[in-house]
Amino acid sequence: DRWNSALSEVTGYSDAEIGSMHATDFFPAEHRERMADAIESVLETGENIVEAPYLTSDGRRVPHEFVAVRIENPDGETVVAGIGRDITERKRRERELERTTDLLSRAEQMADIGGWATTIEDGEPADSEWTDKQYELFGLDKSEGPLTEGVFEYFHPEDRARHREALERAMDLGAGWDQELRL
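Residues numbered from 1 in each chain as written. Predicted model: local features only at pLDDT ≥ 70, side-chain atom pairs only at ≥ 80, totals over all residues. Heavy atoms only, no water.

## Comments concerning the environment of Gly-123
Then comes step 1: Here Gly-123 lies in the loop between β4 (116-121) and β5 (124-130).
Then comes step 2: Take Gly-123: its relative accessible area is 43%, and that puts it in the partly exposed class.
Then comes step 3: For Gly-123 and Asp-172, which are 49 residues apart along the polypeptide, the C-alpha to C-alpha distance reads 7.6 Å. (Helix = DSSP H or I, 4+ residues; strand = E, 2+ residues; numbered from the N terminus. Buried < 20%, exposed > 50% of the residue type's maximum accessible area, 1.4 Å probe, protein only.)

## Notes on the layout of surface pockets
Then comes step 1: The volume enclosed by the largest pocket comes to roughly 1,300 Å³.
Then comes step 2: Together, 34 residues line the largest pocket, and Arg-2, Ala-23, Val-80, Ala-81 and Gly-82 are the ones closest to its centre.
Then comes step 3: For the lining of the largest pocket, the secondary-structure elements that each account for two or more residues are α1 (5-11), α3 (29-45), β1 (47-55), β2 (61-72) and β3 (78-86).
Then comes step 4: The leading source of residues in the lining of the largest pocket is β3, at seven residues.
Then comes step 5: Taken together, the residues of the lining of the largest pocket sort by class into 24 nonpolar, seven polar and three charged.
Then comes step 6: Of the pockets and cavities examined, the second largest pocket occupies roughly 910 Å³.
Then comes step 7: As for the second largest pocket, its lining consists of 31 residues, of which Gly-114, Gly-115, Trp-116, Gln-134 and Gln-179 are closest to the centre. (1 Å grid on protein atoms, 1.4 Å probe; cavity = no way out; pocket = protein on both sides within 12 Å on 5 of 7 lines; lining within 4 Å. Points joined across faces, edges and corners; volume = space filled by probe spheres on them. Nonpolar A, V, L, I, M, F, W, Y, C, P; charged D, E, K, R; others polar.)

What follows is the structure, encoded as structure tokens:
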């Protein structure tokens, strides 16, 4: 068994403690079977990526993403080599995004408004995302996907030119905008 000093730093275990531990001992009990399965998967398929919290020597849980591959060591033995990276900040951002998305959804329902975002590539709309309320307002099924072509036809004729100008200005400036339009 080999490990670098980062394992001791992250988990708080001494080298002697690490040397006496099984790989799954670094995880809370409810994750150990899954982590054993992940290790077995690496041996069978050659690679795996899995998320689980490290259980530190003082009982803290630190979310990590582990990437592992099957390799042959200098003695010709098949072993698992891997790295783990702390994903605490990513998990925090994911929770914040979920909270913000939930807030937006509730605000849309209360205000009876929809929202969308479009990715611009090479000065042209490339990809668009709509909120559930936007689909509802347009009378479209979500399985149809967001409109990119023909979306202007859904707006009131007197609002189409104003919306097209705002969209072109936003693409030129690389900035968003707020606009109320009639359907």
